[in-house]
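Understanding the architecture of this molecule
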Amino acid sequence: MPDPNGFLRYPRRLPARRPVPVRIRDWKEVYPAATDELIREQATRCMDCGIPFCHEGCPLGNRIPDWNDLVRTDAWAFASEALHATNNFPEFTGRLCPAPCEAACVLGIGSDPVAIKQVEVEISNRAFARGYVRPRPAPERSGRSVAVVGSGPAGLAAAQQLARAGHAVTVYERDDAIGGLMRYGIPDFKLEKQHIDRRLDQLAAEGVVFRTSVNVGVDVTGEQLRADHDAVLLACGALAGRDAPETPGRSLRGVHLAMAHLVAANRAVSGRAAGPPAIDAAGRHVVIIGGGDTAADCLGVAHRQGAAGIHQLDLYPEPPQARDGARDPWPTWPWVLRTYPAHEEGGDRLFAVAVREFVDDGTGRVRAVRVAEVGVEKVAGRRVVTVAPGTERELPADLVLLAIGFEGTEDQPLLAQLGVVRNRAGAVDAAPDWRAADGVFVAGDMHRGASLIVWAIAEGRAAAAAIHSYLGGVGSLPTPLDPSARPLTATC
Ligand SMILES: Cc1cc2nc3c(=O)[nH]c(=O)nc-3n(C[C@H](O)[C@H](O)[C@H](O)COP(=O)(O)OP(=O)(O)OC[C@H]3O[C@@H](n4cnc5c(N)ncnc54)[C@H](O)[C@@H]3O)c2cc1C
Ligand code: SF4
């Protein structure tokens, strides 16, 4: 029985972010840890609804009211158990998820939703600190083996589920470190990498073998992998960056895809790169094109690198501050202004503007970006952009970062070797049993297109359940999804 007055007694409260002048001088996470008291208060706001819509919002089907009540009653070990029952990696989602569960929380109809994500991350922090996270190796080996290609959250969730079911799992990763986009895409101020490393220790102790710097399809063929293992799971992500080749001046020096900037910066922070990052915002006038997670991450990195000035451009008009109930009724994912901590740190955010040209300084290097105000409409399902006459102007720019999305999974030799094709959106389709070809399964961004960590974990768990059954494993593994499942609308 929850506290019936909890939400009346306590307002929604989060721990204060570290002060801007302090945090932009380092790469540490923006949010400090919260006290037990604060988190208990926040968990006490949960009404334990008869129909908990937060479940509907969460792709993992996290048992949110259960762990809220366990936190309220100070039963942290049980809360950790309930949380890990549906989510392999709450330390990642608790830090990084946009929390569709909170958008669907019943309390959000007339008040602020429960701070579900904060409760989640605090359970996971205490679970590691207090030793509740321990290896859970399989009691018996199945004698079957699985290759997982790609070590992002989808590959890792599947690897853990399969290893715990007794299968011999090898994860192949072409980068020099495990973690997928969480390792070199997402900066440390959102996710410090020790959180990945300590989880990997658990997976290794459960028997998962990691092979880094192996580009499957090149260093080892798909056919070889198929011959060496009883099943293959492809979890290669959706890393084909969208470019703007038609924009005049795109080939100028100083104009880059956002991921080139982020990867270089994250490698430098990790100490794995020799010298400073190849693309550095220090002292530069930076223009970031795009309005999502990737753009906000470039913004935070540029602040920390010491940019002279930053503009972030969004093609779309500024969204409202609060849910427009007529357009996005509760409990759907609302179109609202998403302000990330990086925005609080500085920079100018411009909405409803489009880039007309990257301007040459006369030496083949960018010196400015010419922009114009625009309107965007959907006509017969297609996006139509109209330029407002007389609104063109230049923004100073000696570093331009294109954070305008991804075009699906990369076209790479591995696909043909395994008889797998990309669809028109650049993703790889799966049958209802998660199979993309004979003995070959697919999950995560590679299957659904650029999405979210929570979806990658959910798909990894679901594909693992399908592989377990394909291998004739004993019993069945839990699965939150079928492959045609789509988000309520939350994507990054
Ligand atoms: C900058 C940025 C910030 C983001 N921020 C957030 C956020 O805050 N919250 C959130 O929920 N989501 C965020 N996302 C999205 C999230 O990171 C992805 O949805 C998620 O990582 C997808 O997981 P995945 O396992 O499918 O693939 P990925 O994490 O992309 O991992 C795929 C891995 O496969 C490897 N690989 C590919 N081909 C091969 C091969 N042939 N051989 C061996 N290895 C191979 C790649 O090197 C990569 O490591 C962000 C994305 C970006 C780009
Ligand atoms: S919808 Fe909100 S208030 Fe209701 S059970 Fe879920 S978290 Fe608690």
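Refer to the structure printed above.
Scope of this entry: the structure provided in the associated data block. (Residues numbered from 1 in each chain as written. Chains lettered and ligands numbered in written order. Predicted model: local features only at pLDDT ≥ 70, side-chain atom pairs only at ≥ 80, totals over all residues. Heavy atoms only, no water.)

1. Here we look at the overall build of the protein
Short version of the rule: We count a stretch as a helix when DSSP gives it H or I for four or more residues in a row; a strand needs E for two or more, and each element gets its number in order from the N terminus. The atom set for the radius of gyration is the C-alpha atoms, and the globule formula is 2.2 Å times the number of residues raised to the power 0.38. The cut-offs for exposure are 20% and 50% of the maximum accessible area for each residue type, with area from a 1.4 Å probe on protein chains only; residues under the lower value are buried, those over the upper are exposed, and the others partly exposed. Residues count as neighbours in contact if any of their non-hydrogen atoms are within 4.5 Å of one another. For the purpose of counting charges, residues Lys and Arg are taken to be positive, whereas Asp and Glu are taken to be negative. His and the chain ends are not included. Where a charge lies is defined by one atom per residue type, namely NZ (Lys), CZ (Arg), CG (Asp) and CD (Glu).
Scanning the protein from N- to C-terminus turns up 19 helices and 15 strands. In terms of overall size, the protein behaves like a compact globule, its C-alpha atoms giving a radius of gyration of 23 Å where 492 residues would be expected to give roughly 23 Å. Considered along the principal axes of its C-alpha atoms, the protein spans approximately 70 × 60 × 50 Å. For the protein, the residues scored as buried account for 52% of the 492 residues in total. Here the analysis covers contacts within the protein between residues at least 6 apart in sequence; of these, 70% occur between residues at least 24 apart. Computed over 54 positive and 59 negative side-chain charges, the inter-centroid distance for the protein is 1 Å.

2. Considering the packing of aromatic side chains
For the record, the criterion: Pairing of aromatic rings covers Phe, Tyr and Trp, the last through its six-membered ring, and needs centres within 6.5 Å; plane angles under 30 degrees mean stacked, over 60 mean edge-to-face, and all others mean tilted.
Summed over all chains, the structure comprises four aromatic pairs. Aromatic side chains Trp 27 and Phe 189 sit 6.5 Å apart centroid to centroid with 25 degrees between the ring planes, which places their arrangement in the stacked category. Taken together, the positions of Trp 27 in the loop between α2 (20-23) and α3 (36-44) and Phe 189 in the loop between α11 (181-184) and α12 (194-205) put the pair 162 residues apart, joining distant regions of the chain. Overall, Trp 27 belongs to the partly exposed group, its relative accessible area being 23%. Centroid distance Phe 441 to Tyr 470: 5.3 Å. Interplanar angle 70 degrees. Geometry classified as edge-to-face. Taken together, the positions of Phe 441 in strand β15 (residues 440-442) and Tyr 470 in helix α19 (residues 453-470) put the pair 29 residues apart, joining distant regions of the chain.

3. Notes on the site of ligand 1
For the record, the criterion: Residues are classed as near a molecule or strand on a simple rule: at least one heavy atom within 4 Å of it. Polar contacts, as counted here, are pairs of nitrogen or oxygen atoms within 3.5 Å of one another; within protein the pair requires one atom able to donate a hydrogen and one able to accept it, and residues that are adjacent in sequence qualify only if both atoms are side-chain atoms. Each accessible area value is a Shrake-Rupley result obtained with a 1.4 Å probe; residue values ignore everything except the protein chains displayed when judging cover. Under the convention adopted here, Pro, Cys and the residues Ala, Val, Leu, Ile, Met, Phe, Trp and Tyr are nonpolar, Asp, Glu, Lys and Arg are charged, and Gly plus all remaining residues are polar.
With respect to spatial proximity, 38 residues lie near ligand 1, and among them Leu 96, Glu 173, Lys 190, Gln 412 and Asp 445 are the closest. Note that an oxygen atom of ligand 1 is positioned 3.2 Å from one of the backbone N or O atoms of Ser 451. Its free accessible area being 1,000 Å², ligand 1 has 99% of it covered by the protein chains. Of all elements in the fold, only α10 (153-164), α14 (258-270), α15 (293-305) and α19 reach the threshold of two or more residues within the shell around ligand 1. Class assignment of the residues belonging to the shell around ligand 1 gives a composition of 20 nonpolar, 11 polar and seven charged.

4. Let's talk about the packing of α10 against α19
The criterion, for reference: Between N-to-C directions, angles cover 0 to 180 degrees, with each direction set by a line fitted to C-alpha atoms, over the stretch in contact for helices. It is the rotation of the near helix from the far one that decides the hand of a crossing: anticlockwise by less than a right angle makes it left-handed, clockwise makes it right-handed.
Put simply, α10 and α19 touch, their axes get as near as 7 Å, and they point 35 degrees apart. With respect to the hand of their crossing, α10 and α19 are arranged in right-handed fashion. Note on element contacts: α19 touches α10 through Ile 453, Ala 456, Ile 457, Gly 460, Arg 461, Ala 464, Ile 467 and His 468, opposite Pro 153, Ala 154, Ala 157, Ala 158, Gln 161 and Leu 162. Taken together, the residues of the contact of α10 with α19 sort by class into 10 nonpolar, three polar and one charged.

5. Regarding the pattern of salt bridges
For the record, the criterion: Salt bridge, as used here, is a side-chain nitrogen of Lys or Arg placed within 4 Å of a carboxyl oxygen of Asp or Glu.
Per the stated rule, a full pass over the model turns up 31 salt bridges. For Arg 327, the salt bridge is made with Asp 328, and the minimal N-O distance between the two is 3.2 Å. Taken together, the shared-partner salt bridges in this structure form one network comprising Arg 17, Arg 23, Arg 304, Glu 344 and Glu 345.

6. Some words on the site of ligand 2
What surrounds ligand 2 is a group of 14 residues, the closest being Cys 46, Cys 49, Cys 54, Cys 105 and Val 106. Of all the elements in the fold, those that place two or more residues in the shell around ligand 2 are α4 (53-57) and α5 (64-72). If one sorts the elements of the shell around ligand 2 by residue count, α5 sits on top with three residues. In terms of residue class, the shell around ligand 2 is made up of 12 nonpolar, one polar and one charged.

7. A word on the pairing of strand β6 (residues 285-289)
Quick note on the threshold: In this scheme, strands are said to pair when DSSP sees at least two bridges between them. Throughout, right-handed denotes a crossover for which the path from the first strand over the helix to the second runs clockwise when the strands point away from the viewer.
Taken across its five residues, β6 has four buried, putting it largely inside the fold. Looking at chain direction, β6 and strand β7 (residues 309-313) are connected through five bridges and run parallel. Within β7, the residue paired with Ile 289 across the bridge is Leu 313. Each parallel crossover has a hand, and for β6 linked through α15 to β7 it is right-handed. Looking at chain direction, β6 and strand β13 (residues 399-402) are connected through four bridges and run parallel. Directly across from Ile 288, in β13, lies its bridge partner Leu 401.

8. A short note on the sheet that holds strand β8 (residues 348-350)
Here we have five strands laid out as an open sheet, ordered β5-β13-β6-β7-β8, and parallel in their pairing. This sheet does not close on itself; its edge strands, each paired only once, are β5 (255-257) and β8. Between one strand axis and the next, the sheet turns by 20 degrees as a mean value, whatever way the strands run. Pairing geometry for β5 and β13, over three bridges, is parallel. Note that in β13 the partner of Val 255 across the bridge is Val 400. The strands touched by α14 within the sheet are β5 and β13, with β5 carrying the most contacts at an inclination of about 75 degrees. Those strands touched by α15 are β6, β7 and β13, and its axis lies near 175 degrees from that of β7.

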